[in-house]
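Next come the chains, spelled out residue by residue.
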Amino acid sequence: MKKEKMAHRIAAEILEQIVEGEIEPGQKLPTEKKLCEKYGVSRASIREALSELKAQGAVSSKQGGGTYVEQAFHGEYFHQVMVDESDLASFQYLFEMRKILEPEAAMLAAERRTEKELAEMRAALELMQDADGTEMHKGRDADFAFHLAVMKATHNPVMIQTFANLDTVYKKALALSFEDKEDLLRNKQVIYVEHKEIYDAIKTGEAELARLQCLIHLRNVEKKLNPGN
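Residues numbered from 1 in each chain as written. Predicted model: local features only at pLDDT ≥ 70, side-chain atom pairs only at ≥ 80, totals over all residues. Heavy atoms only, no water.

Undergrad: Talk me through the overall build of the chain; I want residue IDs and the actual numbers.
TA: When its secondary structure is counted, the chain shows 11 helices and 2 strands. Helices (α) and strands (β) of the chain occur, in sequence order from the N terminus, as α-α-α-β-β-α-α-α-α-α-α-α-α. Scored against the burial criterion, the 229 residues of the chain give a buried share of 43%. Considering only contacts within the chain whose residues lie at least 6 apart along the sequence, 73% involve residues at least 24 apart. (Helix = DSSP H or I, 4+ residues; strand = E, 2+ residues; numbered from the N terminus. Buried < 20%, exposed > 50% of the residue type's maximum accessible area, 1.4 Å probe, protein only. Contact = heavy atoms within 4.5 Å.)

Undergrad: Quick one: what's the story with helix α3 (residues 43-55), residue by residue and with numbers?
TA: Side chains that are three or four residues apart share a direction in an α-helix, a result of its 3.6 residues per turn. Under the 1.5 Å per step criterion, the end-to-end length of α3 is 18 Å for 13 residues, consistent within 8% with the ideal 18 Å. Buried within α3 are the following residues: S45, I46, A49, L50, E52, L53 and A55. G57 sits one or two positions beyond α3 and adopts a positive phi of about 80 degrees. (Expected span 1.5 Å × (residues − 1).)

Undergrad: Kindly report on the pattern of salt bridges, identifying the contributing residues and their values.
TA: Summed over all chains, the structure comprises 7 salt bridges. Among the salt bridges present, the one from R211 reaches E208, with a minimum N-O distance of 2.7 Å. You can see R211 and its partner E208 sitting in helix α11 (residues 207-225), 3 residues apart, about one turn around the helix. Here E208 falls in the partly exposed class, since its relative accessible area comes to 40%. Residues joined by salt bridges that share partners form a network here, namely E32, R43 and R47. (Salt bridge = Lys/Arg side-chain N within 4 Å of Asp/Glu carboxyl O.)

Undergrad: Break down the confidence of the model for the chain for me, with residues and values.
TA: Residues of the chain with pLDDT of at least 70 account for 74%, and the chain-wide mean is 80. The least confident element of the chain is helix α4 (residues 75-78), whose mean pLDDT is 48; the most confident is helix α2 (residues 32-39), at 93. Between residues 76-81, whose pLDDT stays under 50, and residues either more than four places distant or in other chains, the model counts 6 contacts. (pLDDT = per-residue confidence, 0-100.)

Undergrad: Tell me what's going on with the nonpolar core, and back it up with residues and numbers.
TA: The biggest cluster of nonpolar side chains holds 24 residues, and the ones touching the most others in it are M121, F146, V150, Y199, I202 and A210. Contributing elements (two or more residues each) for this core: α5 (91-112), α6 (115-130), α7 (136-152), α10 (181-203) and α11. With 6 residues, the single largest contributor to this core is α10. In contact with Y199, not counting residues within four places along its chain, are L118, M121, R122, L125 and F146. Counting residues in each nonpolar core, the second largest holds 19 residues, with A11, L35, C36 and L50 among its members. (Core = buried A, V, L, I, M, F, W, Y, C linked by side-chain atoms within 4.5 Å.)

Undergrad: Account for the environment of S42, with residues named and values stated.
TA: As for its position among the elements, S42 is in the loop between α2 and α3. For S42, a relative accessible area of 38% translates into the label partly exposed. Between the C-alpha atoms of S42 and E32, which are 10 residues apart in sequence, the distance is 9.3 Å.

Undergrad: Break down the packing of aromatic side chains for me, with residues and values.
TA: All told, the structure shown has 1 aromatic pair when counted by the stated rule. Taking NZ or CZ as reference, K62 lies 4.7 Å from the ring centre of Y68, over its face. (Phe/Tyr/Trp six-rings, centres within 6.5 Å; stacked < 30°, edge-to-face > 60°. Lys NZ or Arg CZ within 6 Å of the ring centre and 35° of its normal.)

The following block contains the structure:
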C-alpha cells in the first residue's frame, strides 16, 4: 500500500478514536515509536498521518515533546473532512465550501490587494505555466499558492484561517485534478488562463468580475472531478 494512502488511513482511524471519545481532549497520543509498532509502518507514515491530523485542527505538538488532542476540537464537525482520496463524491462538500468562500475572497482581494500579494499571484502563475507533464506536483503547488495569495489579499484573518483549515482535503482534490498526465497537458493552458483572468480582475480592482471569474473557474474544476454533475 502506498505510504500516502496508509498515512491517510492511520489518520482517519486515530481521528475516529478522538470523535468516539476513546482518546479525550488534552490527552497525549502514543509516541511515534509506539504508533509505528501498532500499525506496522515506518516513522515517515506516522509523521504524515500526524501532519494530516494537525492540518484538521485535531492535534498539536507541545513544547517538551509529544502530540496532544486539542482541547477545543469538535470532531463531529471535522471528521467529515477526512475523505478518502479515491472518493470523488466526497469532494462535493469541499466545492460547496470553496464556491462560498473563494469568489467572495477574490472580490475582497480586488479591493484590498497590495503589490506584494499581486507579486505572489504572478509568481504562482509563472510556475503554473512552466510546469510540464513530468512535474505535476509543481502545477498543484502553484495552483494552491495562487489561491492562498488571493486569500491573503483579503486581509481577513478569519477567511485566511478557514482556507488554511481546508489545506489537506484541498490538496487531495488538486492531486486528483492533476492525476492524468495527458489530461494535464491538454488542460494546462485552460487552467492557466482561468487563473490569469482572476488575477487580471484583481489587479485592475474589478471586484465583481474577480468574483465571477473565480466562480467560473471553480465550477469548471468541479465538473472535471465529477463529470456526472
